[in-house]
Amino acid sequence: MVGYSYLKGFKSHLESEALQGALPKKGRNNPQKCSFGLYAEQISGSAFTEPRASNLKTWLYRIKPSVVIGGLGEFVENSKRAPYVQQAEIVTPERLRWNPLDVEGQPANDKQIDFVAGLRTVAAHGDPSNRDGLQIYVYTCNKPMNMSCMYNSDGDMLIVPQLGSLDIRTEVGLLHVDTGYIVVIPRNIKFAISPVSEHARGYVCEIYGRHFELPERGVIGANGLASEVDFLYPTAAFRDEDVETEVICKFQNRFFVSFVESDPFDVVAWRGNYLPFMYNLENFCPVNSVLFDHMDPSIFTVLTSPSATPGVALLDFVVFPPRWMVQEDTFRPPYFHRNCMTEYMGLIKGTYDAKSGKGFVPGGSSLHSMGSPHGPDVESFEKATSADLKPAKLSSGDVAFMFETSKMLNLTQWALECPERDREYVACWRGFENHFRKRAKSSSGEGTAGD
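Heads up: these notes are all about the structure in this document.

What counts and what doesn't
- Residues numbered from 1 in each chain as written.
- Predicted model: local features only at pLDDT ≥ 70, side-chain atom pairs only at ≥ 80, totals over all residues.
- Heavy atoms only, no water.
- Core = buried A, V, L, I, M, F, W, Y, C linked by side-chain atoms within 4.5 Å.
- Buried < 20%, exposed > 50% of the residue type's maximum accessible area, 1.4 Å probe, protein only.
- Contact = heavy atoms within 4.5 Å.
- Pairing = 2+ DSSP bridges.
- Helix = DSSP H or I, 4+ residues; strand = E, 2+ residues; numbered from the N terminus.
- Axes fitted to C-alpha atoms, helices over the stretch in contact; angles between N-to-C directions.
- Patch = residues over 30% accessible without salt bridge, like charges linked within 9 Å, V, L, I, M, F, W, Y side chains within 5 Å.
- Areas by Shrake-Rupley, 256 points an atom, 1.4 Å probe, with all protein chains shown as cover.
- Salt bridge = Lys/Arg side-chain N within 4 Å of Asp/Glu carboxyl O.
- Lys, Arg positive; Asp, Glu negative; His and termini not counted.
- Charge placed at Lys NZ, Arg CZ, Asp CG, Glu CD.
- Phe/Tyr/Trp six-rings, centres within 6.5 Å; stacked < 30°, edge-to-face > 60°.
- Polar contact = N/O pair within 3.5 Å; in protein donor to acceptor, adjacent residues only side chain to side chain.

Before going further, it helps to examine the nonpolar core. Counting 102 residues, the largest nonpolar core has Phe115, Val122, Leu303, Phe317 and Phe403 as the members making the most contacts within it. Excluding its chain neighbours within four sequence positions, the residues that come into contact with phenylalanine 115 are Tyr139, Cys141, Lys143, Met145, Met157, Ile159, Phe191, Ile193 and Val204. Core analysis: the next-biggest nonpolar cluster, separate from the first, contains eight residues, Leu23, Cys34, Val268 and Ala269 among them.

Another aspect to go through is the sheet that holds strand β13 (residues 181–185). Spatially, β1-β16-β20-β13-β10-β15-β8-β7-β28 is the arrangement adopted by the nine strands of the open sheet, whose pairing is antiparallel. Each of the sheet's edge strands pairs with one partner strand only, and the pair in question is β1 (6–8) and β28 (410–411). In the sheet, strand β16 (residues 231–234) pairs with strand β20 (residues 277–280) via two bridges, with the strands oriented antiparallel. The residue bridging phenylalanine 231 from the neighbouring strand is tyrosine 279, located in β20.

Attention shifts here to the sheet that holds strand β19 (residues 267–272). Ordered by their spatial adjacency, four strands build an open sheet running β2-β19-β4-β3, and the pairing between neighbours is antiparallel. This sheet does not close on itself; its edge strands, each paired only once, are β2 (14–17) and β3 (39–44). Each strand axis lies, on average, 20° off the axis of its neighbour in the sheet, ignoring direction. With five bridges joining them, strand β4 (residues 57–62) and β19 adopt antiparallel strand pairing. Along β19, the bridge assignment pairs tyrosine 61 with alanine 269.

On any regular strand, side chains alternate: one points to one face of the sheet, the next to the other face. Judged by how many residues are buried, strand β21 (residues 301–306) sits mostly within the fold: six of six residues are covered. For β21 and strand β22 (residues 313–320), the ladder comprises five bridges, and the chain directions are antiparallel. Across the sheet, the residue bridging to leucine 303 is phenylalanine 317, located in β22.

Moving on: a negative patch on the surface. A grouping of Asp240, Glu241, Asp242, Glu244 and Glu261 is seen on the molecular surface, where their side chains present a negatively charged patch. Relative to the assigned elements, glutamate 241 resides in the loop between β16 and β17 (245–251).

Time to look at the packing of aromatic side chains. Applying the stated rule across the entire model yields 20 aromatic pairs. For the ring pair tyrosine 233 and phenylalanine 277, a centre distance of 5.7 Å and an interplane angle of 50° mean the geometry is tilted. Separated by 44 residues along the polypeptide, tyrosine 233 in strand β16 and phenylalanine 277 in strand β20 bring together distant segments of the chain. A single burial state applies to tyrosine 233 and to phenylalanine 277, both of which are buried. Three or more aromatic residues joined by ring pairs form one cluster here, namely Trp98, Tyr203, Phe317, Tyr344, Phe401 and Phe403.

Attention shifts here to the side chain of serine 289. Tracing the sequence through the fold places serine 289 in the loop between β20 and β21. Within polar-contact distance, the side chain of serine 289 engages the backbone nitrogen of leucine 291 at 3.4 Å. Among the polar contacts made by the side chain of serine 289, one reaches the main-chain carbonyl oxygen of phenylalanine 292 at a distance of 2.7 Å. Not counting the four nearest positions on each side in its chain, serine 289 is found in contact with Met295, Val326 and Gln327.

In this structure, asparagine 188 takes a positive phi of about 75° despite not being glycine. Looking at the secondary structure, you find asparagine 188 in the loop between β13 and β14 (191–195). Judged by its relative accessible area of 27%, asparagine 188 is partly exposed. Phi angles above zero are rare outside glycine, and leucine 225 is one such case at about 65°. Relative to the assigned elements, leucine 225 resides in the loop between β15 (200–207) and β16.

Below is the structure:
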């Protein structure tokens, strides 16, 4: 990551200046005159009156204030700018799985699409105007946002790259996000994404509610899971180019476009705690059972967006990292389950221990809605029930994740009709035998159970 420098500390109060002396002195945030003729501008991530523990804001010191947006014309709605961001209106309890979006093998100049045009809505719940709900996407892109930028007034965007690194320019600095990292871009922060390689692919979850927090550790204690110090924030990096730039605004699930003559990435210095950040999933410190039973997946929560009900999340972002499995007399893969939550899973690399059969591959995903039975496929079950239960480490090449939400999700027409949908998914559960009938009959020496 040559040329990139970062600050550390989850939601810490930080400051950075690309030009020495650009930050105000003596405790001031908006002096009468800023250094170098800059303009002071605050961006708020919370209400002014929220408690200090959850209050989010950043002061920006920029070459021109953001009000110059629209100087070349009013915002105009343009649904074609993100043609696959659709209304999610289809209701089904069906268990669903999708193969990866096809990008590999395509020439880089084939169907040039940037990050915004490459977003595809899979499922959603709620209304961003009510500040409650979420939207799940997959994306592909092969074109940089060189002459455009976006800000999202609806919510925070959690991006999970699966194929190809991303260079992300934000108002407060630069982020280089490799596969295996996640990045969060908060509501209303301008950004532009450029794929580093010919193609990029991944997943996005947009939350309309409360910002992401670290989960409480409870009886785990003071250590483990994701550590605050491992979250990385950009340092100030500005441009000063008078080039016409497209400004895209997502507002109430619609896309609006305007243009500006000055550079939207002209922040010379900043201070605050409302900032984009990234995190290396390899730094996650998992905890697990060391004697018996398979623990619940909540122990692998990296970030959470709480709901109004204590202990219930609008969204939990959960990672299934490489780890040791040492339980005795235990079915070690994930158990059969019917959940009061909705689970959307993706595979970043490798395999997933509950789906050793074909079908769930890197770049793919699955959706198990509230109440829908799910669990290991037949092959994984047979393998796990006959395995020699020695201590075993799941491969360092296996990384899966889950977006788990307390909301019931609607699907888009694209999600149900796209060629990537695996219409034979439920076949992975066909073939489970009735072992009980054979053994009960053998044990009793009488007729079949239930006679």
